[in-house]
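# Summary of the model geometry
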Amino acid sequence: MTATNGSPLLAIRGVKTYYGNIIALKGVDVDVHPGEIVTLIGANGAGKSTLMMTVFGSPQAREGRITYQGQDITRMPPHEIARLRIAQSPEGRRIFPRMTVLENLQMGASLDGLKYFDEDAEKMFVLFPRLKERLNQRGGTLSGGEQQMLAIARALMARPKLLMLDEPSLGLAPLIVKQIFDAIRELNRTQGLTVFLVEQNAYHALKLAHRAYVMVNGVITMTGSGRELLENPEVRAAYLEGGRH
Amino acid sequence: MAESSKAAAAGPDFGKAAKDALLSGIIAFALFGPLVGLRTAQNMNNELVVLNELGKALLITAIVVAGRFLLSAFVFPAIASRGKKSKAILTPEEVAAASARTRNVSRGALLFLLVYPFLMVLIFGVQGSIKWVDNFGIQILIYVMLGWGLNIVIGLAGLLDLGYVAFYAVGAYSYALLAINFDLSFWILLPLSGILAAFWGMILGFPVLRLRGDYLAIVTLAFGEIIRLVLINWKDFSGGSAGISSIPKVTLFGIKFDASPEGFAKMFDLPMSSAYYKIFLYYLILALALLTAYVTLRLRRLPIGRAWEALREDEVACRSLGINTTNTKLTAFAIGAMFAGFAGSFFAARQGFVSPESFVFMESAVIVAIVVLGGMGSMVGVAIAAVVMIGGTELLRELSFLKVVFGNDFNPDQFRMLIFGLAMVATMIVRPRGFVSARQPTAVLFERKAISGDLVKEGHG
């Protein structure tokens, strides 16, 4: 499915982001259409996470425009962007370590003031049964995979239309990575959730994604369907050879 | 390590402890025997003579032996076994049991606090109770309240504020100045002082919003000093370092606590004594402290309280969940400052005199120490720490019995802070996260679940 026609849900146009005087994004264009899984792959320091953070308004883009459902969000503060039902699971999971799993999920649902909490929590337990068993355990005591599950579940508790995930496979065992990617695919298929995924694990990400972008040094160098990029010799040489990790 | 844990399981190992103690005793005697036991002095003929003070050296050795024996028989095994008990998984039953325990302790403590002044009157008589109600009761409760107020800022929101005493000063001076210049009563000025302090909390909050950790601590410290220096130097406004005296006292619905015919003592036909006013003040500060506790406990369960705790845990994650971190920080500063303002106006009314001397950095440091020592975020812990810190320093004033041991020229006052410092170091070794370090979850689902073995066994991913 490469439904690139129609107006995009998220449109990133010519975005330049700086850290002080250092330019991190040198004019990036990315489209995410409703119902798509779009992945952004690239090496360390390419600017993948910066792009995701820029969409979320922290740091803000110095030039360019980011629109969500046609609305300009380039200069919006992060908490207002979250209110537009864009949920983000930031890099390094960032769950609340001293709060229990239940409280972490409640924090995720704070936009609606726990109105749909029970209903949504049940959905999370179907998706990640492990979380239900760990409900009263402190977040910091979970294993890495469980923490990642919690981070995704917490983001989903906000009932997002667009879910942005930053390296969900970071530091996880292959079996857990598979579980998490299966869950993302499931969410997209059954609920039509739009997903923007930043990954270093190119093989899994490209297999999962409908469309993909490759970023090198703050510039998008390649784009295409996930399958096209998987078979592209340049991508294979740069990101896939030397073992499927 | 293995031996000591075995000992913990089978009761204290006295043989090993005795061996330990004997060894320490030999070392102590080798050290103190010549150093303390032999003293050189000049006699009448200006000759150097050696005085034998072996008794002192033996006494020190005995203390070392006894101390070491107690340590290796009881304290070390207890510390060794404590580490193993801590568990990550809390079942709902355990959480419920823990919170029931806390509730029972709190209820018992509350009951004690309610009858405390009457107990003191019974034991020490009306006049004798003043010291116990005033120096201990009121003094400790002021710090309990300040600790609980700062606990919101440091313990819940995780913002290290080293200038908390500034808001205490704002509250105290608000009451002092408005009561003297506008003749307003305490009951109007109490909320007003709180509001003014909260306002100053916001003023401090705005510029430091972007700061965190050490940088925030430094700026708040500077803010505390600025307030104090302004109070010293703006003589027309605050009376400078001379302070403000004859601040009106608190009245009980218009009843004054003085010798006048309408005074409290005459009205109830009691003999004139300042003890009644002290007891009244005691209940007033108790009520204010309990108000602080109640508001904090309620707020913890509301979205704003949850947001504070989430902010302490991870600011980036907070923002990505749609929490307005700016407002969250400002409310934490403002509400924390408000309680300091309440406490400050009470302080001014109780002392009848305020000066910048009372609001030095040391005060901020003591309040921060109470919060850290008690266990950040724990109400019970902070209360215990306030009792230990403030009650402890007061008690240490009464160390004159040590003169029996160290001779008449021993001045216990000089050793007060030393002993106190040692006690703090010891506390941080034994309980590095404070007296009460476990965080009580704000929500628990009571549901029994069987956890299958294969899920539990799986390693960390």
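Nothing here was measured: the structure is a model prediction, and the numbers come from that model.

Calculation rules
- Residues numbered from 1 in each chain as written.
- Chains lettered and ligands numbered in written order.
- Predicted model: local features only at pLDDT ≥ 70, side-chain atom pairs only at ≥ 80, totals over all residues.
- Helix = DSSP H or I, 4+ residues; strand = E, 2+ residues; numbered from the N terminus.
- Buried ≥ 20, exposed ≤ 12 C-beta atoms within 10 Å, placed from the backbone.
- Contact = placed C-beta atoms within 7 Å.
- Rg over C-alpha atoms; globule rule 2.2 N^0.38 Å.
- Core = buried A, V, L, I, M, F, W, Y, C linked by C-beta atoms within 7 Å.
- Pairing = 2+ DSSP bridges.
- pLDDT = per-residue confidence, 0-100.
- Nonpolar A, V, L, I, M, F, W, Y, C, P; charged D, E, K, R; others polar.
- Expected span 1.5 Å × (residues − 1).
- Axes fitted to C-alpha atoms, helices over the stretch in contact; angles between N-to-C directions.
- Parallel < 35°, antiparallel > 145°, perpendicular 65-115°, else oblique.
- Left-handed = near helix turned anticlockwise from the far one by under 90°.

## So, the overall build of chain B
From N to C terminus, chain B includes 18 helices and two strands. Residues counted as buried form 36% of the 461 residues belonging to chain B. In chain B, 75% of the contacts between residues at least 6 apart in sequence involve partners at least 24 apart.

## So, the overall build of chain A
In terms of helices and strands, chain A carries 10 helices and 10 strands. Against the compact-globule benchmark of 18 Å for 245 residues, chain A has a radius of gyration of 17 Å, which places it among compact chains. If you line up chain A on its principal axes, its C-alpha atoms span 45 × 40 × 35 Å. By the burial criterion, 51% of the 245 residues in chain A qualify as buried.

## Thoughts on the nonpolar core
Among soluble globular proteins, nonpolar side chains are generally buried collectively. Counting residues in hydrophobic clusters, the biggest one holds 174 residues, and the most contacted among them are Ala153 of chain A together with Met145, Tyr168, Ala169, Ile285, Ala343 and Ala386 of chain B. Among the elements that make up this core, the one with the highest residue count is helix H4 (residues 92-156) of chain B (17 residues). Sequence-distant contacts of Ala153 of chain A, that is, excluding residues within four places in its chain, are made with Leu105, Met124, Phe128 and Leu131 of chain A. Ala17, Ala21, Phe69 and Ala73 of chain B belong to the second largest nonpolar core, which has five residues in total.

## A look at unusual backbone geometry
Residues and elements named next belong to chain A. Along the chain, Ser58 connects to Pro59 via a cis peptide bond; the corresponding omega equals 5°. When you line up the elements, Pro59 lands in the loop between helix H1 (48-55) and strand E4 (63-68). Despite not being glycine, Asn217 shows a phi value in the positive range, around 50°. Positionally, Asn217 belongs in the loop between strand E9 (211-216) and strand E10 (219-225).

## Let's talk about the pairing of strand E1 (residues 10-19) of chain A
Residues and elements named next belong to chain A. Where E1 meets strand E2 (residues 22-32), eight bridges bridge the pair, whose relative direction is antiparallel. Across the sheet, residue Val15 finds its bridge partner in E2, namely Val28. In textbook terms, the turn of a hairpin is the stretch between consecutive antiparallel strands, and for E1 and E2 this stretch comprises two residues, one of which, Gly20, has a positive phi near 65°. Pairing analysis gives five bridges linking E1 to E4, with the strands arranged antiparallel.

## As for the sheet that holds E4 of chain A
All names here are of chain A. The sheet built from four strands is open, its strands ordered E2-E1-E4-E5 with antiparallel pairing. Since the sheet does not close on itself, it has two edges, and those belong to E2 and strand E5 (71-72), each with one partner. Direction of pairing for E4 relative to E5: antiparallel, over a ladder of two bridges. Across the sheet, Thr67 pairs through a bridge with Asp72, a residue of E5.

## Digging into the confidence of the model for chain B
Residue and element names in this part refer to chain B. Mean pLDDT over chain B works out to 83, with 89% of the residues at or above the 70 mark. Within the model, the stretch residues 1-9 combines pLDDT values under 50 with 13 contacts to residues more than four positions away or in other chains. The low-confidence segment residues 447-461, where pLDDT is below 50, has 14 contacts with residues more than four positions distant or belonging to other chains. Interface scoring of the predicted complex returns ipTM 0.85; its pTM is 0.80.

## What about the interface of chain A and chain B?
In this complex, chain A contributes 37 residues to the contact, which on the side of chain B involves 31 residues. Counting only elements with at least two residues in the side of chain A that touches chain B, the list comes to helix H2 (78-83), helix H3 (101-108), helix H5 (129-133) and helix H6 (144-156) of chain A. No other element matches the five residues that H3 of chain A contributes to the side of chain A that touches chain B. A class-by-class count of the residues in the side of chain A that touches chain B yields 15 nonpolar, 14 polar and eight charged.

## Some points on the pairing of E9 of chain A
Residues and elements named next belong to chain A. Summarising burial for E9: five of the six residues are buried, a large majority. Both strand E3 (residues 37-42) and E9 contribute to a ladder of five bridges, which runs parallel. From the neighbouring strand, Gly42 faces E9, where its bridge partner is Met215. Relative to E10, E9 is paired through six bridges, and the arrangement is antiparallel. From the neighbouring strand, Met215 faces E10, where its bridge partner is Ile220.

## A short note on the environment of Asn135 of chain B
Inspection of the secondary structure assignment puts Asn135 of chain B in helix H4. Considered as a pair, Asn135 of chain B and Gly201 of chain B are 66 residues apart in the sequence and their alpha carbons are 29 Å apart.

## Quick notes on helix H5 (residues 165-182) of chain B
Look at H5 of chain B: 25 Å from first C-alpha to last across 18 residues, which is about the 26 Å you get at 1.5 Å a residue. Counting buried residues in H5 of chain B gives 13 out of 18 residues, a clear majority hidden from the surface.

## Observations regarding helix H11 (residues 303-313) of chain B
Where burial is concerned, most of H11 of chain B is hidden: nine out of the 11 residues are buried. All of the buried residues in H11 of chain B are Gly305, Arg306, Ala307, Trp308, Glu309, Ala310, Leu311, Arg312 and Glu313 of chain B.

## Examining the environment of Leu216 of chain B
Residue and element names in this part refer to chain B. Along the chain, Leu216 turns up in helix H7 (residues 213-233). Once the C-alpha coordinates of Leu216 and Leu160 are considered, the two residues, 56 residues apart in sequence, prove to be 6.6 Å apart. Non-local contacts of Leu216, meaning those with residues more than four positions away in its chain, are made with Leu159, Leu160, Val208 and Leu211.

## Regarding the environment of Gly205 of chain B
Residue and element names in this part refer to chain B. By the element assignment, Gly205 lies in helix H6 (residues 186-208). Spatially, the C-alpha atoms of Gly205 and Lys16 are 57 Å apart, while their sequence positions differ by 189 residues. Those residues in contact with Gly205 that lie beyond four places of it in its chain are Lys329, Leu330, Phe333 and Ala334.

## Considerations on the packing of H5 of chain B against helix H13 (residues 325-351) of chain B
The angle between the axes and the distance between the axes are what describe a pair of packed helices. Residues and elements named next belong to chain B. Relative orientation of the contacting elements H5 and H13 amounts to 45°, with a least axis distance of 6 Å. As judged from the angle between their axes, H5 and H13 are oblique. Every pair of crossing elements has a handedness; the one defined by H5 and H13 is right-handed. Of the residues in H13, those touching H5 at Phe167, Tyr168, Ala169, Val170, Gly171, Ala172, Ser174, Tyr175 and Ala176 are Ala337, Ala340, Gly341, Phe342, Ala343, Gly344, Ser345, Phe347, Ala348 and Ala349. Residue composition of the contact of H5 with H13, by class: 14 nonpolar, five polar and no charged.

## Quick notes on the packing of H5 of chain B against H6 of chain B
All names here are of chain B. Running from N to C, H5 and H6 cross one another at 135°; their axes reach a closest spacing of 8 Å. Judged by the inter-axis angle, H5 sits oblique to H6. Handedness of the H5/H6 crossing: right-handed. Here H5 contributes Phe167, Val170, Gly171, Ser174, Tyr175, Leu178 and Ala179 to the contact with H6, which in turn contributes Leu189, Leu192, Ser193, Gly194, Leu196, Ala197, Trp200 and Gly201. Broken down by class, the residue content of the contact of H5 with H6 amounts to 10 nonpolar, five polar and no charged.

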